[in-house]
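# Report on the structure
So the chains spell out like this:
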Amino acid sequence: MPGVAILGSTGSIGTSALAVMARQRPRFDVVALTARVDAAALARQVAEWRPRFSGLVSEGGPQVLIEAALHPDADIVLNAVVGAAGLDATLAALRAGKRVALANKETLVMAGALVREACAEGGGELIPVDSEHSAVLQCVTGREAGLQRLILTASGGPFRTWEADRMRRATVAEALNHPTWRMGNKVTVDSATLANKALEVIEAHYLFGLRYDAVEVVVHPQSIVHAFAEFCDGSVIAQLSFPTMELPILYALTHPERLPDSGTPRFDPVAAGALTFEPVRTEVFRAFRAGVEAGRAGGTAPTVFNAANEVAVAAFLGGRVAFGRIAETIETVLAAHTSEAVRDLETVREADRWARLRAMEELP
Ligand code: MG
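Residues numbered from 1 in each chain as written. Predicted model: local features only at pLDDT ≥ 70, side-chain atom pairs only at ≥ 80, totals over all residues. Heavy atoms only, no water.

## Topic: the overall build of the protein chain
Of regular secondary structure, the protein chain possesses 17 helices and ten strands. Against the globule reference of 21 Å for 364 residues, the protein chain gives a C-alpha radius of gyration of 19 Å, in line with a compact fold. In the protein chain, which comprises 364 residues, the share counted as buried stands at 58%. Accessible area for the protein chain stands at about 14,900 Å²; split by element, carbon and sulfur atoms hold 52% of it. Taken as two groups, the 35 positive and 42 negative side-chain charges of the protein chain have centres that lie 3 Å from each other. (Helix = DSSP H or I, 4+ residues; strand = E, 2+ residues; numbered from the N terminus. Rg over C-alpha atoms; globule rule 2.2 N^0.38 Å. Buried < 20%, exposed > 50% of the residue type's maximum accessible area, 1.4 Å probe, protein only. Areas by Shrake-Rupley, 256 points an atom, 1.4 Å probe, with all protein chains shown as cover. Lys, Arg positive; Asp, Glu negative; His and termini not counted. Charge placed at Lys NZ, Arg CZ, Asp CG, Glu CD.)

## Things to note about the pairing of strand β4 (residues 76–79)
Burial along β4 is two-sided: I76 and L78 facing one way and V77 and N79 facing the other are all buried. Where β4 and strand β5 (residues 99–102) come together, four bridges link them in parallel fashion. Paired with V77 across the two strands is V100, which belongs to β5. Following the chain from β4 across helix α5 (residues 87–95) to the adjacent parallel β5, one finds a crossover that is right-handed. (Pairing = 2+ DSSP bridges. Right-handed = clockwise from strand over helix to strand, strands pointing away.)

## Observations concerning the domain arrangement of the protein chain
For the protein chain, the assigned domains are domain 1 (3–128) and domain 2 (298–364). Measuring from the centre of the C-alpha atoms in domain 1 to the corresponding centre in domain 2 gives 25 Å. Counting residues at the interface gives ten residues for domain 1, matched by twelve residues for domain 2. When domain 1 packs against domain 2, the two sides together hide about 820 Å² of surface, and 65% of this comes from carbon and sulfur. If you sort the residues of domain 1 by the area they bury against domain 2, V109, M110 and L114 come out on top, with a joint share of 57%. We note a salt bridge from D88 to R349, for which the minimum N-O separation is 2.4 Å. Linking domain 1 with domain 2 are three residue pairs in polar contact (both at pLDDT 80 or more), by the criterion used here. Sorting the residues of the side of domain 1 that touches domain 2 by element identifies α5 and α6 (105–122) as the ones contributing at least two each. Counted by class, the side of domain 1 that touches domain 2 contains seven nonpolar, one polar and two charged residues. (Domains from an automatic or database assignment. Contact = heavy atoms within 4.5 Å. Buried area = accessible area lost by both parts, 1.4 Å probe. Salt bridge = Lys/Arg side-chain N within 4 Å of Asp/Glu carboxyl O. Polar contact = N/O pair within 3.5 Å; in protein donor to acceptor, adjacent residues only side chain to side chain. Nonpolar A, V, L, I, M, F, W, Y, C, P; charged D, E, K, R; others polar.)

## Concerning the layout of surface pockets
One number sums up the size of the second largest pocket: a volume of about 260 Å³. Within the residue set of the lining of the second largest pocket, elements represented by two or more residues are α6, β6 (125–128), α7 (131–140) and α11 (195–208). The leading source of residues in the lining of the second largest pocket is β6, at three residues. Residue composition of the lining of the second largest pocket, grouped by class: nine nonpolar, three polar and three charged. (1 Å grid on protein atoms, 1.4 Å probe; cavity = no way out; pocket = protein on both sides within 12 Å on 5 of 7 lines; lining within 4 Å. Points joined across faces, edges and corners; volume = space filled by probe spheres on them.)

## Some remarks on the nonpolar core
The tendency in soluble globular proteins is for nonpolar side chains to be buried side by side. Formed by 122 residues in total, the largest nonpolar core has its most connected members in M21, L126, F159, F208, F305 and F323. The greatest single-element share of this core, amounting to ten residues, is contributed by helix α15 (residues 301–317). When residues of this core are sorted by domain, at least three fall in each of domain 1 (3–128) and domain 2 (298–364). (Core = buried A, V, L, I, M, F, W, Y, C linked by side-chain atoms within 4.5 Å.)

## So, the side chain of S155
If you trace the backbone, S155 turns up in the loop between β7 (147–154) and α8 (164–168). For S155, a relative accessible area of 10% corresponds to the buried category. For S155, the side chain forms a polar contact with the main-chain nitrogen of G157, separated by 2.9 Å. Leave out the neighbours within four places in its chain, and S155 touches R160, H178, T180, V219, H220, P221 and S223.

## Comments concerning the pairing of strand β3 (residues 53–56)
Where strand β2 (residues 29–35) and β3 come together, four bridges link them in parallel fashion. Pairing of A35 across the sheet is with L56, part of β3. Handedness of the β-α-β unit built from β2, helix α2 (residues 39–49) and β3 comes out right-handed.

## Some points on the packing of aromatic side chains
If you walk through the whole model with that rule in mind, you get five aromatic pairs. Between F159 and F323, the aromatic rings sit 5.0 Å apart at their centres with planes inclined by 80°, giving edge-to-face as the arrangement. You can see F159 sitting in the loop between β7 and α8 and its partner F323 sitting in the loop between α15 and α16 (324–335), a full 164 residues away along the chain. Take F159 and F323: they sit in the same class, and that class is buried. (Phe/Tyr/Trp six-rings, centres within 6.5 Å; stacked < 30°, edge-to-face > 60°.)

In structure tokens, the structure reads:
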């Protein structure tokens, strides 16, 4: 029975993970649960699951995440922390030889090279929970050698067809009204700017070791096809399902095996209806363009992109700035940054600190 530590257990991914594991009892042993601030929700989970360790980051600091990740009974660490705060726990778990089921894509974007090094050092294993990357993993497992190109799908978010002017003035309620996925607020806003898809391109580059020109994005409003993997003979394999995070979460726990699970909606091609695809409007979705360019620039540029985005999204969610300021802030901060090679964690931290301060200067 593998032991599972969930970092961010009261968030959207954390609660979905516990719903999956409740159906799979007693296959998984819930060893540790951590939450950021929601003490009441954490207490309810602790009462139900009786983990050996639990903690609130707001009371115990980031050390709580490390302690949960390094719990000796935890074989799998599901990292569902939002944003840069999840990095240390990912590195610690990988160095300790554990499987990290990664829902914290910011970790890879900030410090992809260091995360890969930590895997190599400790023998840890990085398995994506992100639906597109889980789809890729499901398509390529057992056929890794022939992979030549990925196409990640994007729903296009609530502003897929909006003109740039109207999008610039969009409200928080409009940005949080995602057409196909129910997720936490930060990733939902990232899905409205398409910054999320740029983060995912960078994530795919590090997870699957592909050059940036071999990772493409297509808008697919129905969110049924999650990714396409093209092989060296030109054949393309795709993974499909109705949108649910429970399937990628379960697969991250069991990869490369599968477990029978009846909790997610069965696929029905007739009910799914027409599947359509269109290019990303990069001239309108400027946060996407800036993020992919930061990925290609490499070094500390992706760290800066991620940090500027986090600060700008928080300002938007706090009602302090218009939606359009998110992309503008990212562009301004990246333009002011001189990328340098990532030598160590301190390089990453310094770039992250600098970008947050620089972004705050731009925002009220
Ligand atoms: Mg995703």
